[in-house]
Amino acid sequence: MDPQEDAALRLAEHHLRDAAHCDEQVRADGRLIAGGTRHGVQVAHPLIAEARQLRAEAGRLIARVRLPADEPPAGRSNAARSLAAHRWGNRI
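Residues numbered from 1 in each chain as written. Predicted model: local features only at pLDDT ≥ 70, side-chain atom pairs only at ≥ 80, totals over all residues. Heavy atoms only, no water.

### Re helix α1 (residues 3-29)
For step 1, the next point in the chain: Spanning 27 residues, α1 covers 39 Å between terminal C-alpha atoms, matching the ideal 39 Å at 1.5 Å per step.
For step 2, the next point in the chain: Within α1 the residues assigned to the buried category are Glu 5, Ala 8, Ala 12, His 15, Ala 19, Cys 22 and Val 26.
For step 3, the next point in the chain: Buried-residue contacts for α1 involve α2 (46-63).
For step 4, the next point in the chain: Just downstream of α1, Gly 30 is the residue with a positive phi angle, here 100 degrees. (Helix = DSSP H or I, 4+ residues; strand = E, 2+ residues; numbered from the N terminus. Expected span 1.5 Å × (residues − 1). Buried < 20%, exposed > 50% of the residue type's maximum accessible area, 1.4 Å probe, protein only. Contact = heavy atoms within 4.5 Å.)

What follows is the structure, given as structure tokens:
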């Protein structure tokens, strides 16, 4: 694994840890909290969206890491590599 991939995994881990902390706070506060512009209005806890965003970013970071199984075996034809690149695009 190269240094950039290692850094991406560490950042993804940090994001997932932060998302778990958001979940804990939502459990403590409840999914709906007082908010809005009028007295007594309940709104969705903003940490729900934050946790979702953190997990999505962690997924994008993890997807950038190439695992040994992702690399084609030696001797694969150019046509096969081209088809794999077309199929997987920038996800590998």
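### Focus on the environment of His 14
For step 1, the next point in the chain: With respect to the element layout, His 14 can be found in helix α1.
For step 2, the next point in the chain: In this structure the C-alpha to C-alpha distance between His 14 and Leu 54, which are 40 residues apart in sequence, comes to 9.2 Å.

### Concerning the side chain of Glu 5
For step 1, the next point in the chain: Here Glu 5 lies in helix α1.
For step 2, the next point in the chain: No salt bridge is formed by the buried Glu 5, whose closest oppositely charged neighbour, Arg 66, lies at an N-O distance of 5.7 Å.
For step 3, the next point in the chain: Contacts of Glu 5, omitting those with residues within four sequence positions, involve Arg 64, Val 65 and Arg 66. (Lys, Arg positive; Asp, Glu negative; His and termini not counted. Salt bridge = Lys/Arg side-chain N within 4 Å of Asp/Glu carboxyl O.)

### Observations concerning the pattern of salt bridges
Oppositely charged side chains may form a pair once their charged atoms are brought near each other.
For step 1, the next point in the chain: Under the defined criterion, the tally for this structure stands at four salt bridges.
For step 2, the next point in the chain: A salt bridge links Asp 6 to Arg 10; the shortest N-O distance between them is 3.0 Å. With Asp 6 and Arg 10 both in helix α1 and four residues apart, the pair spans about one turn of that helix.
For step 3, the next point in the chain: Residue classification places Asp 6 among the partly exposed positions, given a relative accessible area of 30%.
For step 4, the next point in the chain: Under the relative-accessibility criterion, Arg 10 is labelled exposed at 55%.
For step 5, the next point in the chain: Between Glu 57 and Arg 60 there is a salt bridge, and its shortest N-O distance comes to 3.0 Å. Of the two residues, Glu 57 and Arg 60 both sit in helix α2, three residues apart, roughly one turn of that helix.
For step 6, the next point in the chain: Look at Arg 60 and you get partly exposed, because its relative accessible area is 44%.

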